[in-house]
Amino acid sequence: MRKVSLILCLLFFVIVKAEYKLQGFTISKNYGEQEKLFKFEPDVRVEINAPSVADFDPQKPTAIMLYALPNGNTIEWTKGKIVVDSVYWRYGIQHIAAQTRYIRSLNPDYNFVTVYLEARQRAWKTWRKETAQSDSLLIKLVDEIREIFREVNPYVIFSGHSGGGNFIFGFIENVDEIPNWVERISFIDSNYNWDEKAHGKKLLKWLKKNKRNKLSIICYDDRNALYNGKHIVSDTGGTGTRSNMMIKYLRENSKWKWKVEDDTIMTKTRSKNNQVECLWVKNPEQKIYHTVLVRKNGMIQGGLFGTKYENKGYVFWEEPVYDNYITAE
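Residues numbered from 1 in each chain as written. Predicted model: local features only at pLDDT ≥ 70, side-chain atom pairs only at ≥ 80, totals over all residues. Heavy atoms only, no water.

> What should I look at first to understand the packing of helix α7 (residues 196-209) against helix α8 (residues 239-254) in this one?
When two helices pack together, their arrangement is given by the angle between their axes and by how far apart the axes lie. At a minimum axis distance of 11 Å, the contact between α7 and α8 shows a crossing angle of 55°. One element, α7, and the other, α8, form an angle in the oblique class. Pair α7 / α8 crosses with right-handed handedness. Judged by residue contacts, Glu-196, Gly-200, Lys-201, Leu-203, Leu-204, Leu-207 and Lys-208 of α7 engage Met-246, Tyr-249, Leu-250, Asn-253 and Ser-254 from α8. Considered class by class, the residues forming the contact of α7 with α8 number 6 nonpolar, 3 polar and 3 charged. (Axes fitted to C-alpha atoms, helices over the stretch in contact; angles between N-to-C directions. Helix = DSSP H or I, 4+ residues; strand = E, 2+ residues; numbered from the N terminus. Parallel < 35°, antiparallel > 145°, perpendicular 65-115°, else oblique. Left-handed = near helix turned anticlockwise from the far one by under 90°. Contact = heavy atoms within 4.5 Å. Nonpolar A, V, L, I, M, F, W, Y, C, P; charged D, E, K, R; others polar.)

Dropping the structure here:
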């Protein structure tokens, strides 16, 4: 009887650990990751990066992070690689591929999939303006990506840097309410077009609907930032101001308790239910920290805050922890 039970247990282990090959995906030389590159008409490049065949566990939940690219960037630059020549500096400013691998290295209780979204104009604001029926197409794009993973019933994380926030807000504007399958939204210096009337009630309703839903806001005081001695944004146009406006709206309308930690480096505002966080980096040096916010573990923080993996081996705004996961190509 014991022998039969042991055989059944081993059989179950083999079934659970069976390799999971995603249909239509190729195998990358980097960590055996499963990848799929395609074009969504009109003018959108999409690259999906999923865990390897051996690491993708269909018994676990699957999180799809839709990473809307920053203005001016390609998918290749956003993914990043080892920079051996200053000519290729753009490959060293985001490192989203390496940050993805770091999250996977923590062995989270979900499959972590990253989807890179690049508009032909390299600016989502321009794509939406120049593309007929762009807002309905944006919804269709999200649905098509979700359909690829239909068998594992995925949930979605919206993330993006710079102009990538326009993609996120575009989605919010064009749904009656944020769907149940969205569980996290992360703005990494990307909430320029926050509008209380267009986005406030929908975000708040989504947050109140389920305690697992999380909103991350990462920014810096760009009002102080100078380029060639001139300010790069107005007092009202930058993400520093917009982030303050978002948090003010949520604090006044949520009835949640909040905790604020303030030091010489940043102001940390977090709801005590761990659903909302704003990391507002101060800028007395008047520097431009736009991409630094991403590079200093920003994507990792936005993806993990409020979970048991937060600050596990990394700290936002300290040195990158993912260098070992940067590849040569």
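> Which parts of the structure should I look at to understand unusual backbone geometry?
Trans is the common state for peptide bonds, and a negative phi is the common state for residues other than glycine. With an omega of 0°, the peptide bond running from Glu-41 to Pro-42 counts as cis. Mapped onto the secondary structure, Pro-42 falls in the loop between β2 (34-40) and β3 (44-50). Phi is positive for Asn-274, which is not a glycine, with a value near 65°. Residue placement: Asn-274 occurs in the loop between β12 (266-271) and β13 (276-281). For Trp-317, which is not a glycine, the phi torsion comes out positive at approximately 75°. With respect to the helices and strands, the residue Trp-317 is situated in the segment after α10 (298-304).

> Even after reading the chapter, I still don't get the sheet that holds β12, so can you show me in this structure?
Whether parallel or antiparallel, the strands of a sheet pair through hydrogen bonds between backbone atoms. One open sheet holds the 11 strands; their spatial order is β1-β2-β3-β5-β4-β6-β7-β8-β13-β12-β11, and the pairing between them is mixed. At either end of the open sheet lies a strand with only one pairing partner, and these are β1 (26-27) and β11 (258-262). By the bridge criterion, 6 bridges tie strand β4 (residues 62-68) to strand β6 (residues 155-161) in an arrangement that is parallel. Residue pairing across strands places Met-65 opposite Ile-157, the latter belonging to β6. (Pairing = 2+ DSSP bridges.)

> Just to check I follow, could you spell out α8 for this structure?
Every α-helix carries 3.6 residues per turn, so stepping three or four residues along brings you back to the same face. In a regular helix each residue adds 1.5 Å, so 16 residues correspond to 22 Å; α8 covers 22 Å between its end C-alpha atoms and thus fits that length. Looking at α8, one finds that the buried residues are Thr-239, Gly-240, Thr-241, Arg-242, Ser-243, Met-246, Ile-247, Tyr-249, Leu-250 and Ser-254. In this structure, the buried side of α8 is in contact with β7 (182-188), α7, β8 (214-220), β11, β12 and β13. (Expected span 1.5 Å × (residues − 1). Buried < 20%, exposed > 50% of the residue type's maximum accessible area, 1.4 Å probe, protein only.)

> Mind showing me how you'd approach the environment of Tyr-102 here?
The residue Tyr-102 is located in helix α3 (residues 96-105) in this model. As a C-alpha pair, Tyr-102 and Asn-210 span 108 residues in sequence and 27 Å in three-dimensional space.

> I keep staring at the side chain of Arg-101 and nothing clicks. Help me out?
Along the chain, Arg-101 falls in helix α3. Those residues in contact with Arg-101 that lie beyond four places of it in its chain are Asn-30, Tyr-31, Glu-33, Tyr-325 and Thr-327.

> Sorry if this is basic, but what is going on with the pattern of salt bridges here?
Opposite charge on two side chains allows them to pair when their charged atoms are near. Enumeration over the complete set of coordinates arrives at 22 salt bridges. With its nearest N and O atoms 4.0 Å apart, the salt bridge here joins Lys-308 to Asp-109. Of the two residues, Lys-308 is situated in the segment after α10 and Asp-109 in the loop between α3 and β5 (111-119); the sequence distance between them amounts to 199 residues. Between Arg-270 and Glu-277 there is a salt bridge, with the nearest N and O atoms lying 2.6 Å from each other. Side by side, Arg-270 and Glu-277 carry an identical accessibility label, which is buried. Within the structure, one salt-bridge network assembled from shared partners comprises Glu-33, Arg-101 and Arg-104. (Salt bridge = Lys/Arg side-chain N within 4 Å of Asp/Glu carboxyl O.)

> Whenever I open this one, the nonpolar core confuses me. Can you help?
What tends to happen in soluble globular proteins is that the nonpolar side chains get buried as a cluster. Ranked by internal contacts, the top residues of the largest apolar core, which has 57 residues, are Val-46, Phe-158, Ile-185 and Leu-215. With 6 residues, helix α5 (residues 134-148) is the single largest residue contributor to this core. Excluding anything up to four places from it in sequence, Leu-215 contacts Ile-185, Phe-187, Trp-206, Leu-207, Met-246, Leu-250, Gln-275, Val-276, Glu-277 and Phe-305. Counting 36 residues, the second largest nonpolar core, distinct from the first, contains Leu-106, Ile-157, Leu-293 and Tyr-314. (Core = buried A, V, L, I, M, F, W, Y, C linked by side-chain atoms within 4.5 Å.)

> Could you clarify how one ought to interpret the packing of aromatic side chains in this entry?
How two aromatic rings sit relative to each other is set out by the distance from centre to centre and by the angle between their planes. Inspection of every chain in the model, using the stated rule, returns 18 aromatic pairs. A centroid spacing of 5.1 Å and a plane angle of 90° characterise the contact between Tyr-289 and Trp-317, whose relative ring orientation is edge-to-face. Of this pair, Tyr-289 sits in the loop between β13 and α9 (292-295) while Trp-317 is found in the segment after α10, placing the two residues 28 residues apart along the sequence. In this pair, the class of Tyr-289 matches that of Trp-317, namely buried. Site record: aromatic cluster; members linked through ring pairs are Trp-124, Trp-127, Phe-158, Phe-167, Phe-171 and Trp-181. (Phe/Tyr/Trp six-rings, centres within 6.5 Å; stacked < 30°, edge-to-face > 60°.)

> Even after reading the chapter, I still don't get the packing of helix α6 (residues 164-173) against α7, so can you show me in this structure?
Look at α6 against α7: their axes get within 9 Å of each other, and the N-to-C directions meet at 75°. Taken together, the axes of α6 and α7 are roughly perpendicular relative to one another. Contacts between α6 and α7 involve Phe-169, Ile-172 and Glu-173 on the former and, on the latter, Ala-198, His-199, Lys-202 and Leu-203. Residues that form the contact of α6 with α7 fall into these classes: 4 nonpolar, 1 polar and 2 charged.

> Explanation requested: the pairing of β2 in the structure shown.
For a regular strand, side chains alternate in direction, first toward one face of the sheet and then toward the other. Where β1 lies against β2, 2 bridges are found, and the strand directions are antiparallel. Counterpart to Ile-27 in the pairing with β2 is Gln-34. Hairpin connection of β1 to β2: 6 residues between the antiparallel strands, including Tyr-31 at a positive phi of 60°. Note: β2 against β3, 7 bridges, orientation antiparallel. Considered in β3, the bridge of Leu-37 is made with Glu-47. In this antiparallel pair of consecutive strands, β2 and β3, the connection spans 3 residues, and Asp-43 shows a positive phi of 70°.

Function cannot be read off these values alone, since they describe shape.
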